[in-house]
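# Understanding the architecture of this molecule
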Amino acid sequence: GTGSAAAVPINADFDIAYVTPVTLGTPPQTLQLDFDSGSSDLWVFSSHLPTSQIRGQQIYAPNKSSTAKLLDGHSWSITYGDGSGSRGNVYTDNVTVGGLTVGSQAIECAQQVSSSFTTEDHIDGLVGLGFSTLNTVSPKSQLTFFDNAKSNLDSPVFTADLKYKQAGTYDFGFIDEAKYTGEITYVPVNSDPGYWTFPSSGYAVGSGNFTASSISGIADTGTSLVYLPTAIVTAYYRQVQGATNSRSYGGYVFPCASTLPTFTFGVGAARFTIPAAYLNYAPVTPGSATCFGGLQSSSGVGINIWGDVALKAAFVVFNGGNPPTIGWAAK
Ligand SMILES: O=C(NC1CCCCC1)N[C@H]1[C@H](O)[C@@H](N2CCCCC2)[C@@H]2OC[C@H]1O2
């Protein structure tokens, strides 16, 4: 089988995150979920949440689904790199994404969510697409939607075609040749950390020379920005008039009117260029003349992250075969 579903930016002004419609249970309950290759829990706003923590989000009510089953004695609790988090209990039910159905998928029902989820009313929960070793359900950890679907997929892959300020697509089980140009460059994935960890071959700032340098990082659809080693990031902002690393704003900012260089990264022999517009991420506060960069330092993060700002400059194949690999193509 295969599936194909839209990845829609949650904000009209800048690409904070993307959501995809997912139907749960019988009769179907449709929620807008954030597909996150950087985590491995499928969790939803639910009827078990205090109403004070719900601000317009859709909820999943297992007691309204004839196919829902409590996973007795199981719970989950997750904290993300930005400090957001959630926790709750667990049901299994049917989950469908873009025509692809998994029966008996673990659906982690939130009983508590952090404030950044409550205030982000366009996200009704997450679908983790990382490796199932990261799943937080206890005492028995659960499989991701992708791992559960894999044996029924025509090919054990999913692809991300994210776009700048417009809807893109997540495909499951097939590679759509119409979504990319040229060849797909595949590199090995180290799944031991539980992320889609892969080697990048180097970088260039604007029209400057390409610096060959092996950079290990993760492909993370659930992170908005790109986080790379300080040496690379300072080389980039040296080319931006008025750029400064702001402690108050927590990263590199610059005058919104600045001309930004592009940023090129390598995957094997292939080169991908992130347009300057993607790197002028957003005003630090609505209407401000100071803007926050789409490229930030990973020194405070602990790992290098190729988030949406990089992913939307390419067509990416997450190959869950044995061994796993990741493929990057131009589009
Ligand atoms: O924490 C990270 N990434 C870290 C960013 C800092 C550097 C380390 C990685 N990703 C999360 C993202 O921020 C969340 N957020 C919720 C509010 C609306 C926007 C999305 C959403 O939940 C999990 C995942 O996606």
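Fair warning: this is a prediction, and the values are worked out from it, not measured in the lab.

How each quantity is defined
- Residues numbered from 1 in each chain as written.
- Predicted model: local features only at pLDDT ≥ 70, side-chain atom pairs only at ≥ 80, totals over all residues.
- Heavy atoms only, no water.
- Domains from an automatic or database assignment.
- Contact = heavy atoms within 4.5 Å.
- Buried area = accessible area lost by both parts, 1.4 Å probe.
- Salt bridge = Lys/Arg side-chain N within 4 Å of Asp/Glu carboxyl O.
- 1 Å grid on protein atoms, 1.4 Å probe; cavity = no way out; pocket = protein on both sides within 12 Å on 5 of 7 lines; lining within 4 Å.
- Points joined across faces, edges and corners; volume = space filled by probe spheres on them.
- Helix = DSSP H or I, 4+ residues; strand = E, 2+ residues; numbered from the N terminus.
- Nonpolar A, V, L, I, M, F, W, Y, C, P; charged D, E, K, R; others polar.
- Near = heavy atom within 4 Å.
- Polar contact = N/O pair within 3.5 Å; in protein donor to acceptor, adjacent residues only side chain to side chain.
- Areas by Shrake-Rupley, 256 points an atom, 1.4 Å probe, with all protein chains shown as cover.
- Sits in = over half its atoms within 2 Å of the grid points.
- Disulfide = S-S within 2.5 Å.
- Buried < 20%, exposed > 50% of the residue type's maximum accessible area, 1.4 Å probe, protein only.
- Phe/Tyr/Trp six-rings, centres within 6.5 Å; stacked < 30°, edge-to-face > 60°.
- Lys NZ or Arg CZ within 6 Å of the ring centre and 35° of its normal.

### As for the domain arrangement of the chain
Its domain assignment divides the chain into domain 1 (3–172) and domain 2 (180–330). With centres defined by C-alpha atoms, the gap from domain 1 to domain 2 works out at 25 Å. Taken together, the contacts link 28 residues of domain 1 with 27 residues of domain 2. Between domain 1 and domain 2 the total buried area reaches about 2,200 Å² when both faces are included, carbon and sulfur atoms providing 58% of it. The largest per-residue losses of area from domain 1 upon contact with domain 2 belong to Ser37, Phe131 and Tyr164, which jointly make up 28% of the total buried on that side. One can count 1 salt bridge joining domain 1 with domain 2. For aspartate 15, the salt bridge is made with lysine 312, and the minimal N-O distance between the two is 2.6 Å.

### Focus on empty space enclosed by the protein
For the structure shown, the criterion picks out 1 cavity of 30 Å³ or more. In this structure, the largest cavity occupies an estimated 40 Å³ of space. If you trace the largest cavity, you find it lined by Ser40, Asp41, Leu42, Gln105, Ala106, Glu108, Gly128, Asn135, Gln142, Leu143, Thr144 and Phe145. Residue contributions to the lining of the largest cavity peak at 3 residues, all from strand β7 (residues 100–113). Of the residues in the lining of the largest cavity, the class split is 4 nonpolar, 6 polar and 2 charged.

### Re the site of the ligand
Around the ligand sit 16 residues, and of these Tyr80, Asp82, Phe117, Gly222 and Thr223 come closest. Taking glycine 81, its main chain carries an N or O atom lying 3.3 Å from an oxygen atom of the ligand. Within the side chain of threonine 223, a nitrogen or oxygen atom sits 2.9 Å from a nitrogen atom of the ligand. Across the complex, the protein chains shield 86% of the 540 Å² of accessible surface that the ligand would expose by itself. Among the cavities detected, the one that contains the ligand is the largest pocket. The class makeup of the residues in the shell around the ligand is 8 nonpolar, 4 polar and 4 charged. Inspection of the shell around the ligand shows a minimum of three residues originating in each of domain 1 (3–172) and domain 2 (180–330).

### Observations regarding the state of the cysteines
Linking two cysteines covalently through their sulfur atoms gives a disulfide. The full count for this structure, using the stated rule, is 1 disulfide. Bridging cysteine 256 to cysteine 291, the disulfide has an S-S length of 2.1 Å. With the S-S dihedral at roughly 100 degrees, the linkage between cysteine 256 and cysteine 291 falls on the right-handed side. Taken as a pair, cysteine 256 in the loop between β16 (251–255) and β17 (263–267) and cysteine 291 in strand β20 (residues 290–293) lie far apart in primary sequence, 35 residues in all.

### Here we look at the environment of phenylalanine 292
Tracing the backbone through its elements, the reader meets phenylalanine 292 in strand β20. What makes phenylalanine 292 buried here is its relative accessible area of 16%. In the structure, phenylalanine 292 is positioned 173 residues away from threonine 119 in sequence and 21 Å away in space, judged by C-alpha atoms. Beyond its immediate sequence surroundings of up to four residues, phenylalanine 292 is in contact with Leu225, Tyr249, Gly250, Gly251, Tyr252, Val253, Phe254, Leu279, Asn280, Tyr281, Ala282 and Val284.

### With respect to the packing of aromatic side chains
For any two aromatic rings, the description comes down to two numbers: the centre-to-centre distance and the angle of the planes. As enumerated under the stated definition, the model contains 27 aromatic pairs in all. With a centroid separation of 5.4 Å and 40 degrees between ring planes, the pair formed by phenylalanine 198 and tryptophan 328 is classed as tilted. On the criterion of sequence distance, the pair formed by phenylalanine 198 in strand β12 (residues 197–205) and tryptophan 328 in strand β24 (residues 325–330) is long-range, its members being 130 residues apart. A relative accessible area of 0% means that tryptophan 328 is categorised as buried. Where phenylalanine 272 meets tryptophan 328, the ring centres are 6.0 Å apart and the plane angle is 50 degrees; that geometry is what we call tilted. On the criterion of sequence distance, the pair formed by phenylalanine 272 in strand β18 (residues 270–274) and tryptophan 328 in strand β24 is long-range, its members being 56 residues apart. With a relative accessible area of 5%, phenylalanine 272 lands in the buried category. Taken together, the ring pairs connect Phe35, Phe131, Phe145, Phe146, Phe158, Tyr170, Phe172, Trp196 and Phe318 into an aromatic cluster. The side chain of arginine 271 reaches across the aromatic face of phenylalanine 210, ending 3.7 Å from its centre.

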